Amino acid sequence: MQDIWNIFKNSVQLPKRQAAFSLNRIGMDKVIMFLFILIALASVPELITQLKANQTSSSLYMQSFFYVIFFFIFYYLIFISVVFAILSFIAYLATWIAHMASRKLRYSILWKTTACASAIPLLIFTISSFFYTITLSFFFVLVLFQLIVLVQTIFLYPKRNVKRSKRL
């Protein structure tokens, strides 16, 4: 649990050099576990909304159990799939940016950085979901914020040594 807390602290500080380099030393399994926790947290407002919508039912306890099961199958699983696909796409775009900027970065490092950079947008999404209906434009603003943090983080890394990479 201490590792998850360290990932969270470094993710919130992310365009800083020390936070980016300490996140690179953390294993991918811990980052994925961190994402599962964040996505579960981001799913709570929708679960509460679904349970409130079905409160008028007479057998609330049994139906609530089934709603929770259906929620995890049809909302949480789809939400995880969409978030992971978007993170993978953004990390792929970041490989192009890193290559054009001639930085020493691989896809795995960029994916991990992208996943950690999504902490603030997911928390903003969670908090605002309690008060507002989330629109697609809000989603694009959060992705734009994540891209800006990611590009700033890419430029923290040193440039490639052109002479050495041509010999290999």
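Predicted, not measured: the structure shown is a model, and the values here were computed from it. (Residues numbered from 1 in each chain as written. Predicted model: local features only at pLDDT ≥ 70, side-chain atom pairs only at ≥ 80, totals over all residues. Heavy atoms only, no water.)

### Points about unusual backbone geometry
No. 1: For Ser-102, which is not glycine, the phi dihedral falls at a positive 50°.
No. 2: Within the fold, Ser-102 resides in the loop between helix H4 (60–100) and helix H5 (107–117). (Helix = DSSP H or I, 4+ residues; strand = E, 2+ residues; numbered from the N terminus.)

### Some remarks on the confidence of the model for the protein chain
No. 1: Confidence in the prediction of the protein chain, expressed as mean pLDDT, is 83, and 89% of residues score 70 or more.
No. 2: For the protein chain, the element scoring lowest by mean pLDDT is helix H8 (residues 162–167), at 56; H5 scores highest, at 89. (pLDDT = per-residue confidence, 0-100.)

### Remarks on H5
No. 1: For H5, the tally of buried residues reaches eight of 11 residues, placing the bulk of the element in the interior.
No. 2: All of the buried residues along H5 are Leu-110, Trp-111, Lys-112, Thr-113, Thr-114, Ala-115, Cys-116 and Ala-117. (Buried < 20%, exposed > 50% of the residue type's maximum accessible area, 1.4 Å probe, protein only.)

### Description of the environment of Phe-8
No. 1: Along the chain, Phe-8 falls in helix H1 (residues 2–12).
No. 2: Phe-8 sits 108 residues away from Cys-116 along the chain, and the two C-alpha atoms are 7.8 Å apart.
No. 3: When sequence neighbours within four positions are dropped, the list of residues in contact with Phe-8 reads Phe-34 and Leu-123. (Contact = heavy atoms within 4.5 Å.)

### Points about a nonpolar patch on the surface
No. 1: A cluster of nonpolar side chains, namely Phe-65, Phe-66, Ile-69, Phe-70, Ile-73, Phe-74, Ile-78 and Val-82, defines an oily patch on the protein surface of about 750 Å² accessible area.
No. 2: Mapped onto the fold, Phe-74 is located in helix H4.
No. 3: The class of Phe-74 is exposed, set by a relative accessible area of 54%. (Patch = residues over 30% accessible without salt bridge, like charges linked within 9 Å, V, L, I, M, F, W, Y side chains within 5 Å. Areas by Shrake-Rupley, 256 points an atom, 1.4 Å probe, with all protein chains shown as cover. Salt bridge = Lys/Arg side-chain N within 4 Å of Asp/Glu carboxyl O.)

### Looking at the packing of aromatic side chains
No. 1: Tallying each qualifying case throughout the model produces nine aromatic pairs.
No. 2: With a centroid separation of 5.8 Å and an interplanar angle of 40°, the aromatic rings of Phe-79 and Phe-125 are classed as tilted. Taken as a pair, Phe-79 in helix H4 and Phe-125 in helix H6 (residues 119–131) lie far apart in primary sequence, 46 residues in all.
No. 3: Take Phe-79: its relative accessible area is 16%, and that puts it in the buried class.
No. 4: Judged by relative accessible area, Phe-125 falls into the buried class, the value being 16%. (Phe/Tyr/Trp six-rings, centres within 6.5 Å; stacked < 30°, edge-to-face > 60°.)

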